[in-house]
Amino acid sequence: MKPLTTFQIAKNNLRRRPARSAGLCMAVAVSAFAMFGGALLSQGVGRGVESMSNRLGADILVVPHGYDKQFQAALLRGEPSTFYLKGDLVDKLRFFPGVERAAPQLFLATLNASCCTMPVQVIAYDPEADFVVKPWVSANAVPTPAGDEVVVGHMVGGETGTEISLFGRKFRIAARLDRTGMGFDTSVFMTMGSAKKLLRTAKNAAVKYEPGSVSSIMLAVAPGLNIKDVANAILREYAIDYDLEIVVSRSMISDIAKKLGGLSLLSRALAALSWICAAAALFIFFFLMLDERRREFGLFRILGAKRGKLAGIVLYESLLVSAAGGILGIAAALGLTAPFHRLITTALELPYLAIPAGSALVLGAGCLLSSVAVGPLSCLYSAIRIGSGDAYLTLRSGE
Amino acid sequence: MSVLDVRGLCKEYVRGGVPFRAVDSANLRVEPGEMVGIVGRSGSGKTTFFNMVAGLLTPSAGSVSVAGTDILALSDAERSELRNRRIGYVPQGQSLLANLTVLDNVRLPHYFAARDDNVAGRVFYLLGELGIAHLAETCPPQLSGGEMRRAAIARAMMNRPELLLADEPTGDLDAGNARAAMDAFAALAASGVAVVFSAHGDDAARRADRVVEMERGAMRERTFSEA
């Protein structure tokens, strides 16, 4: 015969009213979901922004007029797009006063997947001039891809050594890069020479490439100069002739950081609000429920239960409810945030880099602890109140 | 030494702004193995008296001694412990917990005593004695009134009390079940437990060694010829 325990008594009491217990459990689950899901999301975005600012070596990004949003979308989230600038601008900017280095990039969208095996963003770079992609690719101990080779982002399908089809042409996957949380994860990197060759033989008529064009030019400003002054000077000189737009990377990152700040604040506010709502719901429930159960607690007193024992039973019940709700909410947050983070961050226009499993575990444990605490804390007053006064009056008031 | 010694026990309430004595200077001594019946109409103060004796209600005046211990001198925790170990109480009406089986209801006092000894033997002995061992795994809503009352008596006996208090134990039972309950009390008294029970009428009281009448809070012992 199993011994009678506080756990068993509390469990039986909760099972007696399944709908009400489930409702309370849900209140805590919503709180845990908001807390853990919000934290996962905002910390993931925080890591994405950090990763981006570490990898974006250019001070100024030059793109065709009206394409700054597409460029940011491609950079942050790998949304494929194709746009062109006249190629002679590269040399002009390379020798522009205040510009230390200029590196062109060519973006080819493969969204119309008929051309390729999957929708990806092809980013072609000039290994000789490049100072943005190459250092990062080298940091992954990856050599510059040869003529028929590509380096793929972390989330692009295909094993190293196998082939990938782009615009009807096959390329060998030379290496795979680490996860960045940016658009690079769904991009394919090749040299500018390979890309131009590819475009000449492209089977897809939708790709209208003007020979010599580039998509963007990354500029590094000479040390000590004001980046905005150089950007304004470039605009004055070439904005009309080349129909260009300038993105100052520091401003872009600071805009994203502001969004991140807003997201973090919102997720914290939501988590705090839902915690307070759960605590209020539990407080009201236990306050009313213990009033209803006065006779039961009076009977316990008749049988010799001390006040502390009654409080223990009530606290155990609330602990079970909040623990079950906490686990449910955290599991739901984990189940929904992981597969849908891309959808969420696309909607928020933010980069995302999932936090490591160890950190997620610590975060989850913290959220669970906070959720579990909400039950006993909110019913503490009721638990103390139930044992106060004469037991007989408690019994009578429950009749 | 008397198991129960009540002297000058009073309980005064204020009802509608007027002081009202639910129990008025009650005195009662009960020896081990004695069976005492308290008779009186509803509202005569029987339940209030029982609850003060059990330490569940603080008296306005007087003293209650259980097995030589003045319960009013004890702290709430000490009183709970005394109630748990020395007093068995069968409250008025249905007093089983609906969400626990008969088995769990009966072993509740043992759980509150936080004892480590094996409880199964004692539970099944009591249920067997009261003829409800086959109902151990049944929940109270599936029991008849008589079965519930017998389970409540078994629960009151769980920790081998010296004093058993039963508040109208036959009040809502048919003649057969009432007789069975009184048989159980008589058996307990025969084993040395002091039994004090209350009843509306004289049928049950006839089984008692002594009968005490309660009217408007005051107690009066019936002489043999009255009983």
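Up top you'll find the structure we're talking about.
Please read all numbers here as calculations on a predicted model, not as lab measurements. (Residues numbered from 1 in each chain as written. Chains lettered and ligands numbered in written order. Predicted model: local features only at pLDDT ≥ 70, side-chain atom pairs only at ≥ 80, totals over all residues. Heavy atoms only, no water.)

Asks: Run through the pairing of strand 1 (residues 4-15) of chain B, naming residues and quoting values.
Replies: Residues and elements named next belong to chain B. In this structure, strand 1 lies alongside strand 2 (residues 18-30), joined through nine bridges in antiparallel fashion. Note that in strand 2 the partner of L4 across the bridge is V30. Count of turn residues in the strand 1/strand 2 antiparallel hairpin: two residues, of which G16 carries a positive phi of about 60 degrees. Summarising the sheet, strand 1 and strand 4 (residues 61-66) pair through five bridges and their orientation is antiparallel. Each bridged residue has a counterpart across the sheet, and for R7 the counterpart in strand 4 is S63. (Pairing = 2+ DSSP bridges. Helix = DSSP H or I, 4+ residues; strand = E, 2+ residues; numbered from the N terminus.)

Asks: Break down unusual backbone geometry for me, with residues and values.
Replies: All names here are of chain B. Although it is not a glycine, A67 adopts a positive phi angle of roughly 50 degrees. Structurally, A67 can be placed in the loop between strand 4 and strand 5 (69-70). Look at E168: it is not a glycine, yet its phi comes out positive at around 45 degrees. For E168, the location among the structural elements is in the loop between strand 7 (163-166) and helix 7 (175-190). Exposure remark for E168: the relative accessible area of 11% places this residue in the buried category. (Buried < 20%, exposed > 50% of the residue type's maximum accessible area, 1.4 Å probe, protein only.)

Asks: Just give me the short version of the interface of chain B and chain A, but keep the residues and values in it.
Replies: Contacts between the two partners involve 32 residues from chain B, matched on the other side by 28 residues from chain A. Considering only the surface of chain B that becomes buried against chain A, N99, Y111 and F112 of chain B emerge as the three largest contributors, covering 26% of it. Where chain B touches chain A, the interface holds three salt bridges. D76 of chain B is the salt-bridge partner of R307 of chain A, the closest N and O atoms lying 3.4 Å from each other. On the surface where chain B and chain A come into contact, there are ten residue pairs in polar contact (both at pLDDT 80 or more). (Contact = heavy atoms within 4.5 Å. Buried area = accessible area lost by both parts, 1.4 Å probe. Salt bridge = Lys/Arg side-chain N within 4 Å of Asp/Glu carboxyl O. Polar contact = N/O pair within 3.5 Å; in protein donor to acceptor, adjacent residues only side chain to side chain.)

Asks: Explain helix 6 (residues 145-157) of chain B residue by residue, including any values.
Replies: Residues and elements named next belong to chain B. Across its 13 residues, helix 6 extends 19 Å between first and last C-alpha, which sits within 8% of the 18 Å expected from 1.5 Å per residue. Among the 13 residues of helix 6, twelve are classified as buried, and the element is accordingly described as predominantly covered. Along helix 6, the residues classified as buried are G146, E147, M148, R149, R150, A151, A152, I153, A154, R155, A156 and M157. Turning to helix 6, the residues buried within the fold contact strand 6 (87-90), helix 3 (102-106), helix 4 (108-113), helix 5 (120-129), strand 7 and helix 7. (Expected span 1.5 Å × (residues − 1).)

Asks: Residue-level account of the nonpolar core, with values.
Replies: With 64 residues, the main nonpolar core has F300 of chain A together with L4, L28, F49, L108, L163 and V196 of chain B as its most contacted residues. It is helix 8 (residues 249-292) of chain A that contributes the most residues to this core, seven residues altogether. Grouped together as the second largest cluster of nonpolar side chains are 42 residues, F96, V156, L198 and V214 of chain A included. (Core = buried A, V, L, I, M, F, W, Y, C linked by side-chain atoms within 4.5 Å.)

Asks: Please give an account of the sheet that holds strand 2 (residues 99-109) of chain A that cites residues and values.
Replies: All names here are of chain A. Pairing is mixed in the open sheet, where nine strands are placed in the order 5-6-4-7-3-2-8-1-9. Because the sheet does not close on itself, it has two edges, and the strands there are strand 5 (163-166) and strand 9 (244-248). Mean inter-strand twist for the sheet, computed between neighbouring axes without regard to direction, equals 35 degrees. Of the pairings in the sheet, the one linking strand 4 (residues 149-152) to strand 6 (residues 169-176) comprises four bridges and is parallel in character. Directly across from E149, in strand 6, lies its bridge partner R172. Against the sheet, helix 6 (residues 192-200) makes contact with strand 2, strand 3 (121-125), strand 5, strand 6 and strand 7 (187-191), and its axis sits at roughly 100 degrees relative to strand 7, the strand it touches most. Taken strand by strand, helix 7 (residues 227-242) contacts strand 1 (60-64), strand 2, strand 8 (216-221) and strand 9, and its axis lies near 165 degrees from that of strand 9. (Axes fitted to C-alpha atoms, helices over the stretch in contact; angles between N-to-C directions.)

Asks: Account for a nonpolar patch on the surface, naming residues and giving values.
Replies: All names here are of chain A. A cluster of nonpolar residues, F33, L336, F340 and L343, forms a patch on the protein surface that exposes about 380 Å² of accessible area. It is helix 10 (residues 307-348) that contributes the most residues to the nonpolar patch, three residues altogether. If you trace the backbone, F33 turns up in helix 2 (residues 18-55). Residue F33 is classed as partly exposed on the basis of its relative accessible area, which comes to 32%. (Patch = residues over 30% accessible without salt bridge, like charges linked within 9 Å, V, L, I, M, F, W, Y side chains within 5 Å. Areas by Shrake-Rupley, 256 points an atom, 1.4 Å probe, with all protein chains shown as cover.)

Asks: Please set out the pairing of strand 3 of chain A residue by residue, giving values where relevant.
Replies: Residues and elements named next belong to chain A. Most of strand 3 sits out of view: five of its five residues are buried. Here strand 3 shows no split at all, with Q121, I123 and Y125 on one side and V122 and A124 on the other all buried. Sheet topology places strand 2 next to strand 3; five bridges connect them, and they run antiparallel. Opposite Q105, over in strand 3, you have Y125 as the bridge partner.

Asks: Please provide a residue-by-residue account of the sheet that holds strand 9 (residues 210-215) of chain B, values included.
Replies: All names here are of chain B. Here six strands make up an open sheet; going across it, the order is 6-7-8-3-9-10 and the pairing mixed. Every other strand in the sheet has two partners, leaving strand 6 and strand 10 (218-221) as the edge strands with one partner each. Between one strand axis and the next, the sheet turns through 20 degrees on average, direction left out of account. Pairing geometry for strand 3 (residues 35-39) and strand 8 (residues 194-199), over five bridges, is parallel. Bridging across to strand 8, G37 finds its partner in F197. The strands that helix 2 (residues 76-86) touches are strand 6 and strand 7; relative to strand 6, the one it contacts most, it runs at about 80 degrees.

Asks: Run through the packing of aromatic side chains, naming residues and quoting values.
Replies: Any aromatic ring pair is given by two values, namely how distant the centres are and how the planes are angled relative to each other. Under the definition given, this model contains 14 aromatic pairs over all chains. The rings of F297 and F300 of chain A together with Y111 and F112 of chain B are connected pair by pair, giving a single aromatic cluster. Above the face of the Y242 of chain A ring, K86 of chain A is positioned so that its terminal group lies 5.7 Å from the ring centre. Sitting over the ring of F20 of chain B, R15 of chain B keeps its end group 3.8 Å from the ring centre. (Phe/Tyr/Trp six-rings, centres within 6.5 Å; stacked < 30°, edge-to-face > 60°. Lys NZ or Arg CZ within 6 Å of the ring centre and 35° of its normal.)

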